[in-house]
Number of protein chains: 2
Amino acid sequence: MENLPEHFDSLFSVDCVIFGFDEGELKILLIERNEDPFKGWFALPGYFVEHTEAIETAAQRILYESTGLKGIFMEQFYTFGALGRHPQGRVITVAYYAMIRLTGNKEVAPLPTAHFAKRAVWMPVKDMPELAFDHSRIFRKSFEKIKNKISYQPIAFELLPEKFTLTQLQQLYEVVLNKKLDKRNFRKKMLAYDILKELDEKQKGVSYRAAKLYKFDKRKYIKNFQKELSFTR
Amino acid sequence: MENLPEHFDSLFSVDCVIFGFDEGELKILLIERNEDPFKGWFALPGYFVEHTEAIETAAQRILYESTGLKGIFMEQFYTFGALGRHPQGRVITVAYYAMIRLTGNKEVAPLPTAHFAKRAVWMPVKDMPELAFDHSRIFRKSFEKIKNKISYQPIAFELLPEKFTLTQLQQLYEVVLNKKLDKRNFRKKMLAYDILKELDEKQKGVSYRAAKLYKFDKRKYIKNFQKELSFTR
DNA sequence: CCAAAAGTGTTTGGCCTACACCCATGT
DNA sequence: ACATGGGTGTAGGCCAAACACTTTTGG
């Protein structure tokens, strides 16, 4: 507990795993630390929670400082408090994940307010290096959670652009679940749920047959399913 | 932050939801507080985490002090840190649940070491009063978790006696899922998983046809399923 | 012999799986 | 015309759901 900033006696922090999907790849937002410990390492965006700040509020603040986005749904998924996880003392961290729409503009991130970061990058999950602290472990746990959750909750749509093709949707499932899905079966099933709105619009700028665009129809979803359904199998 | 014990500046605690199943009822272990705030109210067993203590260790300690049991698997399920949740200041609490075998001896609980408790009771879930702090909310969240988990992980067996009848097993599922299940389908499915060992032994002391006893066969379970299966539908 | 719960099969419909070819578009 | 992905249907197997009566035992 030697030389930590004054927040330190609050002893707990928030770390955020912020997922994005772009160019067929699942990515997460990492910052490069410009402070010791782990200066120069990549880490999850995270920081200390203030004494008078709710944990959720802190998570929203970190998200905002990292991406400029507000009001994104974040889900708490685990709290990490092993004794040795912070080299300078006891820090317990509450971990959240969020899913955000990159929609081609990769420039969601980071605002200069994110003083804890030298820079931020959208790192493809498949290329991730070892992260600072126990952040690799935190990431793995978040990934298990979304893998599980995407199968029965409509979280995929939070990652896709508002208008998307069925192939994009399928690619996202394939990346998260790490397996190939059958195109015909996937479409049949997804359309059978009746939660998508087919648009009178097609993909543009592709050098092959343009695909129809769809929107997630939240009203239909709520109507058809109180709570649960199974998106793959 | 006026007059709390010296632990208070550690600012975080552990609360445990300890489930048991007895006489066809799901119960949880509650303590009656003998300290302010909420003196005389029922609450979940919980206490402050020491500075040099891992969170899991604290959870195990609380479980031990509340029940005399050691080495029971506990799962962390959520962290509660709303600003107003503790009337005397900021306390963040990490919540765990555990499932224990009551096996007719309801006297699991509490040891005198549980200084924070005046007494402890196994309270049927259906009779629960409003609890101290935000503990009712914590309980509800734990219940959602086990309801979900019991459907695809073999946690039911942790609650039952080592030797149990299929009817007991079914009753447990019915209580947790809060719905009736079909006897024939339930048995067919459960036996088809091939994770139970049929014993050469029958129920005793009942005034009707005695049922066969079964054991959960962990070896078969691990062999047949790496990780997942679905126990009901 | 009565009360109470144990134990037992079959049918039906729906869903998941596997599988391959033609179509539309841009270059 | 060719390359690229878009878009489509069917058959078989398996699983889940619905459903009611006979058996065993203790009192």
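Residues numbered from 1 in each chain as written. Chains lettered and ligands numbered in written order. Predicted model: local features only at pLDDT ≥ 70, side-chain atom pairs only at ≥ 80, totals over all residues. Heavy atoms only, no water.

**Some remarks on the overall build of chain A**
Note the cut-off: Elements are defined by DSSP. Helices are runs of H or I of four residues or more, strands are runs of E of two residues or more, and each kind is numbered from the N terminus. Accessibility here uses a 1.4 Å probe with only protein chains present; expressed as a share of the type maximum, an area under 20% marks a residue as buried, one over 50% as exposed, and anything in between as partly exposed. The contact rule is simple, with two residues in contact once any of their heavy atoms fall within 4.5 Å. Surface accessibility follows the Shrake-Rupley procedure with a 1.4 Å probe radius. Residue values consider only the protein chains on display as shielding.
Scanning chain A for helices and strands turns up six helices and nine strands. Looking at chain A as a whole, 53% of its 233 residues are labelled buried. Counting only contacts in chain A whose residues sit at least 6 apart along the sequence, the fraction spanning at least 24 positions is 68%. For chain A, the accessible area works out to roughly 11900 Å², and carbon and sulfur atoms hold 49% of it.

**With respect to the relation of the copies chain B and chain A**
Relating the two copies of this chain is a rotation about some axis coupled with a shift parallel to it. We count it as follows: Least squares is used to superpose the copies, and the fit set is the C-alpha atoms of residues whose pLDDT is at least 70 in both copies.
Overlay of chain B on chain A (RMSD 0.0 Å): rotation 180°, translation along the axis 0.0 Å. Here the two chains are linked by the operation of a two-fold rotation axis. Of the residues that chain B buries at the interface, 92% are likewise interface residues in chain A, meaning the two copies contact each other through the same surface.

**Quick notes on the protein's contact with DNA strand D**
Stated precisely, the cut-off is as follows: Consider each residue's heavy atoms; a residue with any of them within 4 Å of a molecule or strand counts as near. Here a polar contact means two N or O atoms within 3.5 Å. Within protein one must be a hydrogen donor candidate and the other an acceptor candidate, and residues neighboring in sequence count only if both atoms are side-chain atoms. Ten residue types, Ala, Val, Leu, Ile, Met, Phe, Trp, Tyr, Cys and Pro, are classed as nonpolar, four, Asp, Glu, Lys and Arg, as charged, and the remainder, Gly among them, as polar.
Around DNA strand D lies a shell of 20 residues, among which Lys183(A), Lys188(A), Tyr208(A), Lys212(A) and Arg209(B) are the nearest. Measuring from a base oxygen of DNA strand D, one finds a side-chain N or O atom of Arg184(A) at 3.4 Å. A distance of 2.9 Å separates a phosphate oxygen of DNA strand D from a polar backbone atom of Lys212(A). When residues of the surface near DNA strand D are traced back to their parent elements, those giving at least two are α5 (183-192) of chain A together with α5 (183-192) of chain B. Split into classes, the residues belonging to the surface near DNA strand D amount to five nonpolar, three polar and twelve charged.

**Quick look at the interface of chain B and chain A**
Heads up, the condition is: What counts as buried area is the accessible surface, traced by a 1.4 Å probe, that two parts surrender upon association, with contributions from both included. What makes a salt bridge here is a side-chain nitrogen of Lys or Arg within 4 Å of a carboxyl oxygen of Asp or Glu, nothing more.
Across the boundary between the two partners, chain B contributes 26 residues, which contact 25 residues of chain A. Taking both sides of the interface into account, the surface hidden between chain B and chain A amounts to around 1800 Å²; carbon and sulfur atoms contribute 56%. Of all residues in chain B, Phe12(B), Gln76(B) and Arg90(B) bury the most surface against chain A, accounting for 26% of the area lost on that side. Taken together, chain B and chain A are joined by zero salt bridges. At the junction of chain B with chain A, the criterion picks out seven residue pairs in polar contact (both at pLDDT 80 or more). When contributions to the side of chain B that touches chain A are tallied by element, the ones reaching two or more residues are α1 (55-67), β5 (74-80), β6 (92-99) and α2 (135-149) of chain B. Tallied by class, residues from the side of chain B that touches chain A come to twelve nonpolar, seven polar and seven charged.

**Here we look at α2(B)**
Residues and elements named next belong to chain B. Quick note on the threshold: Multiplying 1.5 Å by the helix residue count minus one yields the expected span of that helix. The arc in question is traced by the directions running from the helix axis to the C-beta atoms.
The end-to-end C-alpha distance of α2 is 21 Å, a good match for the 21 Å that 15 residues give at a rise of 1.5 Å each. Where α2 is concerned, the buried positions are His135, Ser136, Ile138, Phe139, Ser142, Phe143, Ile146 and Lys149. Down the axis of α2, the sector holding all buried residues measures 155°, keeping them to one side. Looking at the buried positions of α2, the neighbouring elements they touch are β1 (12-22), β2 (25-33), β3 (42-43), β5, β6 and α4 (166-177).

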